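Examination of the molecular architecture
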Amino acid sequence: MRPTLLVAFGILAGLSATAEATLVYAVDLRNGRFVTFDTLAPGTQNVLATSYTGGYYGLDFDASATNLYGAKGSSTVTPTLERLNLADGSVASSTPITGLDAGGTVTGLTIDNANNAYLSASGTAGYNLYNLNLGTGAASLIGTMSATNIVIDIATDVNGRMVAHDISTDSFWFVNTSSAAMTLIGSHGLAANFAQGMDFDWSNNTLYAAVYTGGGTLTYGSVSLADGSVTSIPGIVSGEYEMAVQSPVPEPASIMALSLGALALLRRRKR
C-alpha cells in the first residue's frame, strides 16, 4: 500500500477513535412522536412531542445545523417545506413546494455542505431528483433516478456525495447530483418497507440509517459505503423514523482528512 494511503487511514482512524456520539432529531411516523437520541445510543430517547402529526418524509438540517427542515407531499397532502422548532417540532415557517409532478409523493430531503437542497419524489417517469430552493420552495428537476426502483430517501456526505435508499432492491446507491444517475453500492439484505430514515454524521462522515421492515420492526445502525451492509446498533425504540443528524460542516482540515480516508477506501475496493 502506498504511504499516502497509510497516512489517510491513520488520520481517519484517529478521527474515528475520538469521535463522539452526535444528536439525532427524528420523527416517528408510526407512533406520532418527535424525539432526539444519540447516534451511538439510540435506546435513550428524549421525547419532545407526542401525538405529533408532522407527516414528513424528508428531514434534514442545513449546513449550520441550526435549522431543521421537513418536507411532505402526496396525492392527498399539498407538497410543503417547513422549518421546525427544535424544542417540540412545531412549525416555525411553511412554504409550498412547487415544480413537482402532480400527485407525486415526497420521499426524501437532503441539504449539502454548501446549503444546496435536494428533494426526491415520485413522478410520472419514476423517482425524480430535484434541486430545491429553501427560500421559495421551488423545485427544479435534475432527472429521473429510476423508472422502476423505489427511491425512498436521500442523504449527502460531508463532501456533497449523495446516497439513496431503494426499497425495491433493498439497496443503497450513489447518486450523481448533476444527472440523477445512480450507481449501486450494495444490498443491505433487510426487507425494507414503507418510510425510511437516514443521514450522515459529518463529524466522521458516517451514514446512519433506520431501516424499517414493517409492524414496528426496524434495524438501526451504520451503513458501509463499500457494500451497503448495515452494522446494527441495538436499543432503538420500535418505530418508523425519518431522521436528521445535527452535525455542522467540519473545519476544512477535518474535511480533507475524511476525504483522504474515503479515497483510500475507494482505491482499496478497486484493487
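Report follows, based on the coordinates. (Residues numbered from 1 in each chain as written. Predicted model: local features only at pLDDT ≥ 70, side-chain atom pairs only at ≥ 80, totals over all residues. Heavy atoms only, no water.)

**Concerning the pattern of salt bridges**
What counts, and what does not: Between Lys or Arg on one side and Asp or Glu on the other, a salt bridge is scored when a side-chain nitrogen of the former is within 4 Å of a carboxyl oxygen of the latter. The buried label applies to any residue whose accessible area, calculated with a 1.4 Å probe on protein chains only, is under 20% of its type's maximum; exposed applies above 50%, and partly exposed to all values in between.
Going through the model one piece at a time under the given rule, you end up with three salt bridges. Taking the shortest distance from any N to any O, the salt bridge between D157 and R161 comes out at 3.3 Å. Judged by relative accessible area, which is 25%, R161 ranks as partly exposed.

**Some details on the packing of aromatic side chains**
Counted only if it meets this: Two rings belonging to Phe, Tyr or Trp (six-membered ring only in the last case) form a pair when the distance between their centres is within 6.5 Å. Interplanar angles under 30 degrees mark stacking, angles over 60 mark edge-to-face geometry, and anything in between is tilted. Strands are runs of DSSP state E lasting at least two residues, helices are runs of H or I lasting at least four, and both sets are numbered from the N terminus onward.
Under the defined criterion, the tally for this structure stands at seven aromatic pairs. Taking 6.2 Å as the distance between ring centres and 10° as the angle between the ring planes, the aromatic pair formed by Y208 and Y220 counts as stacked. Of this pair, Y208 sits in strand β17 (residues 206–214) while Y220 is found in strand β18 (residues 217–223), placing the two residues 12 residues apart along the sequence. Per residue, the accessibility class of Y208 equals that of Y220, and both read buried. Cluster of aromatic residues (ring-pair linked, three or more members): Y25, F34, Y52 and F61.

**With respect to the sheet that holds strand β5 (residues 68–72)**
Formally: A pair of strands is treated as paired once DSSP finds two or more bridges between them. Axis lines are fitted through C-alpha atoms, for helices just across the contact stretch, and the angle between N-to-C directions can take any value from 0 to 180 degrees.
Pairing in this open sheet of four strands is antiparallel, and the strands run β4-β5-β6-β7 from one edge to the other. Taken across any chain shown, the strands that pair with only one partner, and hence form the sheet edges, are β4 (58–61) and β7 (91–96). Mean inter-strand twist for the sheet, computed between neighbouring axes without regard to direction, equals 20°. In terms of strand pairing, β4 meets β5 through four bridges, oriented antiparallel. Looking at β5, one finds that L59 is bridged to G70.

**Here's the deal with the environment of G189**
Of note, G189 is situated in the loop between β15 (182–187) and β16 (197–201). According to the relative accessible area criterion, G189 is exposed, its value standing at 62%. Distance from G189 to D170, taken between C-alpha atoms, is 6.3 Å for residues 19 residues apart in sequence.

**Quick look at the nonpolar core**
Selection rule: We call a set of buried residues a nonpolar core when its members are Ala, Val, Leu, Ile, Met, Phe, Trp, Tyr or Cys and they connect through side-chain atoms within 4.5 Å of each other. Here, two residues are considered to be in contact whenever any of their heavy atoms come within 4.5 Å of each other.
Membership of the largest hydrophobic core comes to 19 residues, with the highest contact counts inside it found for V163, F172, M198, F200, L207, V223 and L225. Secondary structure elements with two or more residues in this core: β12 (151–156), β14 (171–175), β16 and β17. With three residues, the top contributor of residues to this core is β17. Excluding residues that lie within four positions of it along the chain, F200 makes contacts with A155, T156, D157, V163, N205, T206, L207, L225, V245 and S247. Counting 15 residues, the second largest nonpolar core, distinct from the first, contains L100, L109, Y130 and L134.

Fair warning: the whole summary comes from geometry, so function is off the table for now.
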